[in-house]
Amino acid sequence: MLQMPRDLPEEQIEVWQQASEFFHRAYQRQRRGDWAGAAQDYRHSINFYPTAEAHTFLGWVYAHIKLYAEAIGECQRAIELDPDFGNPYNDIGAYLVEQKRLHEAIPWFEKAIAAPRYDARVFPYFNLGRVYERLYDWGKAIDLYRQAGEISPSYRPARFALDRLEARIN
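Definitions and cut-offs
Residues numbered from 1 in each chain as written. Predicted model: local features only at pLDDT ≥ 70, side-chain atom pairs only at ≥ 80, totals over all residues. Heavy atoms only, no water. Salt bridge = Lys/Arg side-chain N within 4 Å of Asp/Glu carboxyl O. Helix = DSSP H or I, 4+ residues; strand = E, 2+ residues; numbered from the N terminus. Buried < 20%, exposed > 50% of the residue type's maximum accessible area, 1.4 Å probe, protein only. Expected span 1.5 Å × (residues − 1). Arc of directions from axis to C-beta. Contact = heavy atoms within 4.5 Å. Phe/Tyr/Trp six-rings, centres within 6.5 Å; stacked < 30°, edge-to-face > 60°. Lys NZ or Arg CZ within 6 Å of the ring centre and 35° of its normal. Axes fitted to C-alpha atoms, helices over the stretch in contact; angles between N-to-C directions. Parallel < 35°, antiparallel > 145°, perpendicular 65-115°, else oblique. Left-handed = near helix turned anticlockwise from the far one by under 90°. Nonpolar A, V, L, I, M, F, W, Y, C, P; charged D, E, K, R; others polar.

(A) Region of the structure containing the pattern of salt bridges. Applying the stated criterion across every chain yields a total of 10 salt bridges. Between D41 and R25 there is a salt bridge, with its nearest N and O atoms 2.7 Å apart. Taken together, the positions of D41 in helix α2 (residues 35-48) and R25 in helix α1 (residues 13-31) put the pair 16 residues apart, joining distant regions of the chain. By relative accessible area, which is 44% here, R25 ends up partly exposed. Close ionic contact of D82 with R117 constitutes a salt bridge, the shortest N to O distance being 2.7 Å. Taken together, the positions of D82 in the loop between α4 (68-81) and α5 (87-98) and R117 in the loop between α6 (102-114) and α7 (122-134) put the pair 35 residues apart, joining distant regions of the chain. One salt-bridge network, held together by shared partners, links R25, R29, D34 and D41.

(B) Structural detail: helix α9 (residues 156-169). Over its 14 residues, α9 extends 20 Å from the first C-alpha to the last, a length consistent with the 20 Å expected when each residue adds 1.5 Å. Taken residue by residue, α9 has A158, A161, L162 and L165 as its buried positions. Taken down its axis, α9 places every buried residue within 100° of arc, on the same side. Buried positions along α9 lie against α7 and α8 (138-151).

(C) Just the packing of aromatic side chains, in detail. Tallied over the full model, the rule gives 12 aromatic pairs. When the ring of Y68 is compared with that of Y95, the centres are 6.2 Å apart and the planes differ by 40°; the resulting orientation is tilted. Of the two residues, Y68 sits in helix α4 while Y95 sits in helix α5, which places them 27 residues apart along the sequence. Looking at Y68, the relative accessible area reads 13%, which means it is buried. Under the relative-accessibility criterion, Y95 is labelled buried at 5%. Ring geometry for F123 versus Y155: centroids 5.5 Å apart, planes at 90°, classification edge-to-face. Taken together, the residues F123 in helix α7 and Y155 in the loop between α8 and α9 connect sequence positions 32 residues apart. Here the aromatic residues F23, Y27, Y42, F57 and W60 are joined through ring pairs into a cluster of three or more. Sitting over the ring of W108, K111 keeps its end group 4.6 Å from the ring centre.

(D) Local environment of the packing of α2 against helix α3 (residues 52-64). Taken N-terminus to C-terminus, the directions of α2 and α3 make an angle of 160°; their axes are 9 Å apart at the nearest point. The angle between α2 and α3 falls in the class roughly antiparallel. α2 and α3 meet at a crossing whose hand is left-handed. Contacts between α2 and α3 involve W35, A38, A39, Y42, R43, S45 and I46 on the former and, on the latter, A54, H55, F57, L58, V61, Y62 and H64. For the contact of α2 with α3, a count of residues per class yields 10 nonpolar, three polar and one charged.

(E) Region of interest: α5. Over its 12 residues, α5 extends 16 Å from the first C-alpha to the last, a length consistent with the 16 Å expected when each residue adds 1.5 Å. Burial of α5 is extensive: nine of the 12 residues sit out of reach of the surface. Here α5 has its buried residues at P88, Y89, N90, D91, I92, G93, Y95, L96 and V97. Structurally, α5 contributes buried residues whose contacts are with α3, α4, α6 and α7. One or two residues past the end of α5 sits K100, with phi positive at roughly 65°.

Below you can see the structure in the form of structure tokens.
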């Protein structure tokens, strides 16, 4: 989840380790629904050693409490630190969808799809499919749901969305 940078100078290793400890503690708090504690620990992690992951996950905490502007700001900071990291692009798109700003979300999902470093690539395909479905562009939605299913055959929401939308058309 959080990996030490390859070229980290020797004098930064201890600082990075402290940041990593706060990050992992924040993640555990987040999983338990302790949003305030998680946010505090992510901020501590960032203060020690800013990472794209910590900013992205802090944004996720903000989004859970409906602070979308703050969530998007954290994701934008993550992108500044690591433009190859796909998660913040997808998350910005998701936060825009939550605010019913569908057209604005599209380029963010497209950037997530194109991002070189993204382990959960199924999500932007699925999310972009949801946007196109809501915009009644069902052909694009079906194609994206199909691609999401090819990327991750075990991701059931993509299969269900594809089946539901194909049944609606037929």
